[in-house]
Amino acid sequence: MRTENDDSQLLEKALAKDNAAFAELVRRYRDPVYGLALRMTRSEADAAEVTQDAFLAAYRHLSEIRTDQAFGAWVHRIAANQALMKLRHRKVVANVEAPLPTPEFNERGSLVEEVADWNPTALEQSLDAELGKAISHAADELPEEYRQVFLLKDVEDLTYEQIAEITGDSVPAIKSRLHRARLAMRAAIDRFYLERE
Amino acid sequence: MNTCKDTLELLRGYLDGDLKPDERTALEKHLGACSPCVDFLNQYKRTPSLCKKALAAKMPRELADQLDAFLKKHLANE
Ligand SMILES: [Zn+2]
């Protein structure tokens, strides 16, 4: 996939005002940056705007990138910041969200739910695509503050400290939300496999 | 003895290495005796990678073109 130039070479050229090099960095990272923005804002138009603003901000602040930082991770963080700002400015009435699914226990605290086999032997071609849709739907259904944390930690691989810096929340709060979000996503995947059994 | 409920509540901390030694011991003791919780833990561990794969998106062509045009215009003015 990589051409003769790796990211750090392109970055060096971009810092020397080589706009073609910056354009190449944009081409490399626009899909994942857009993907993050789309998941965070749940709007194509907002995601497109966040992507534009993120790359423009990256360009303007290119000289602030640390030498040990990867361009990709850096621009993702800028995009996450922009998406959160957009969400904060979105003055919509908070929609009523269903409570997050949690595992079911009996009165003695023992797990009672049926757990599906996630490695069905009769693998169908369409399975991946269908599972993808189920996961995407479940992620969109997560309450916002849970969705952000899940996306930033488990999809973007940011550290808790980086997420705290972006969201302004405490690390313990982020950890607790991450756990709830994972339980909900696990439940959605499990439901998908159970329904296919 | 930890219940399943106590155990599942601590999974994130367990995987991140955040638990105190006695919490960890109690959790591992429960896992050693409870296969539903082991299955649950395995699913919990696999969830992020399955989601990562599923949530990758490609920017639609026309939006990518708009992005190109937008950046060309702004970069030329900087
Ligand atoms: Zn158990």
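Above this text you will find the structure in question.
Residues numbered from 1 in each chain as written. Chains lettered and ligands numbered in written order. Predicted model: local features only at pLDDT ≥ 70, side-chain atom pairs only at ≥ 80, totals over all residues. Heavy atoms only, no water.

K.L.:
Help me out: how do you make sense of the packing of aromatic side chains in this one?
P.N.:
Geometry of an aromatic ring pair is reported as the spacing of the ring centres plus the angle between the planes. Residues and elements named next belong to chain A. Counted by the stated rule, this structure contains six aromatic pairs over all chains. Between Tyr 29 and Phe 71, the aromatic rings sit 5.9 Å apart at their centres with planes inclined by 55°, giving tilted as the arrangement. Placement of the pair is Tyr 29 in helix 2 (residues 19-41) and Phe 71 in helix 4 (residues 71-89), with a sequence separation of 42 residues. Accessibility assignment for this pair places Tyr 29 and Phe 71 in one class, buried. Where Phe 71 meets Trp 74, the ring centres are 6.1 Å apart and the plane angle is 55°; that geometry is what we call tilted. You can see Phe 71 and its partner Trp 74 sitting in helix 4, three residues apart, about one turn around the helix. With respect to burial, Phe 71 and Trp 74 carry one shared label: buried. One Lys or Arg, Lys 153, reaches over the ring of Tyr 160 and ends 5.0 Å from the middle of that ring. For the cation-ring pair, Lys 175 lies above Tyr 160, with the distance from its terminal atom to the ring centre recorded as 5.1 Å. (Phe/Tyr/Trp six-rings, centres within 6.5 Å; stacked < 30°, edge-to-face > 60°. Helix = DSSP H or I, 4+ residues; strand = E, 2+ residues; numbered from the N terminus. Buried < 20%, exposed > 50% of the residue type's maximum accessible area, 1.4 Å probe, protein only. Lys NZ or Arg CZ within 6 Å of the ring centre and 35° of its normal.)

K.L.:
Could you clarify how one ought to interpret the nonpolar core in this entry?
P.N.:
Considering soluble globular proteins, one finds that nonpolar side chains tend to be buried as a cluster. In this structure, Phe 55, Phe 71, Ile 135 and Phe 150 of chain A are the most contacted members of the largest nonpolar core, which totals 73 residues. With 11 residues, the single largest contributor to this core is helix 2 of chain A. Apart from the residues within four sequence positions on either side, Phe 55 of chain A is in contact with Phe 22, Val 26, Tyr 29, Arg 30, Val 33, Phe 71 and Val 75 of chain A together with Leu 67 and Leu 71 of chain B. If you look at the next biggest cluster of nonpolar residues, it comprises 14 residues, including Leu 183 of chain A together with Tyr 14, Leu 27 and Leu 31 of chain B. (Core = buried A, V, L, I, M, F, W, Y, C linked by side-chain atoms within 4.5 Å. Contact = heavy atoms within 4.5 Å.)

K.L.:
Can you walk me through the packing of helix 5 (residues 127-141) of chain A against helix 8 (residues 171-196) of chain A in this structure?
P.N.:
Each packed pair of helices is defined by two parameters, the angle between the axes and the distance between the axes. All names here are of chain A. At a minimum axis distance of 9 Å, the contact between helix 5 and helix 8 shows a crossing angle of 140°. Considering their axes alone, helix 5 and helix 8 lie oblique with respect to each other. Crossing hand, helix 5 versus helix 8: right-handed. Counted together, Leu 127, Glu 130, Leu 131, Ala 134, Ile 135, Ala 138 and Ala 139 of helix 5 and Met 185, Ala 188, Ile 189, Phe 192, Tyr 193 and Arg 196 of helix 8 form the full contact between these two elements. Of the residues in the contact of helix 5 with helix 8, the class split is 11 nonpolar, no polar and two charged. (Axes fitted to C-alpha atoms, helices over the stretch in contact; angles between N-to-C directions. Parallel < 35°, antiparallel > 145°, perpendicular 65-115°, else oblique. Left-handed = near helix turned anticlockwise from the far one by under 90°. Nonpolar A, V, L, I, M, F, W, Y, C, P; charged D, E, K, R; others polar.)

K.L.:
How should the coordination of the zinc ion be read in this particular structure?
P.N.:
Six octahedral donors around a metal ideally make angles of 90 or 180 degrees; four tetrahedral donors ideally make 109.5 degrees. Residues and elements named next belong to chain B. Those donors, Cys 4 (SG), His 30 (NE2), Cys 34 (SG) and Cys 37 (SG), are the protein atoms that reach the zinc ion, and they lie 2.0 to 2.3 Å from it. Angles of 105 to 114° at the metal separate the four donor atoms of the zinc ion, which places the site in the tetrahedral class. In the primary sequence, the donor residues of the zinc ion line up as C-x25-H-x3-C-x2-C. Note on accessibility: His 30 and Cys 34 belong to one class, buried. (Donors = N, O, S within 2.8 Å, 3.2 Å for Na, K, Ca; no water. Tetrahedral: all angles 85-135°; square planar, octahedral: opposite > 155°, others 65-115°.)

K.L.:
Help me understand the interface of chain B and chain A, please; the structure alone is not making it clear to me.
P.N.:
By a widespread convention, an interface's size corresponds to the accessible area lost as its parts come together. In this complex, chain B contributes 38 residues to the contact, which on the side of chain A involves 51 residues. Overall, the association of chain B and chain A removes approximately 4,000 Å² of surface from exposure, summing both partners, and the carbon and sulfur fraction of that is 66%. Three residues, Gln 43, Leu 55 and Leu 75 of chain B, lead the burial of chain B against chain A; their summed loss comes to 16% of the area buried on that side. Here chain B and chain A share six salt bridges between them. At the boundary of chain B and chain A, one finds 14 residue pairs in polar contact (both at pLDDT 80 or more). (Buried area = accessible area lost by both parts, 1.4 Å probe. Salt bridge = Lys/Arg side-chain N within 4 Å of Asp/Glu carboxyl O. Polar contact = N/O pair within 3.5 Å; in protein donor to acceptor, adjacent residues only side chain to side chain.)

K.L.:
What should I look at first to understand the packing of helix 2 of chain A against helix 6 (residues 144-155) of chain A in this one?
P.N.:
Residues and elements named next belong to chain A. At a minimum axis distance of 9 Å, the contact between helix 2 and helix 6 shows a crossing angle of 160°. Of the possible angle classes, the one that applies to helix 2 and helix 6 is roughly antiparallel. By crossing handedness, the relation of helix 2 to helix 6 is classed as right-handed. Facing helix 2, whose interface residues are Leu 36, Arg 39 and Met 40, helix 6 presents Arg 147, Gln 148, Leu 151 and Leu 152. Residue composition of the contact of helix 2 with helix 6, by class: four nonpolar, one polar and two charged.

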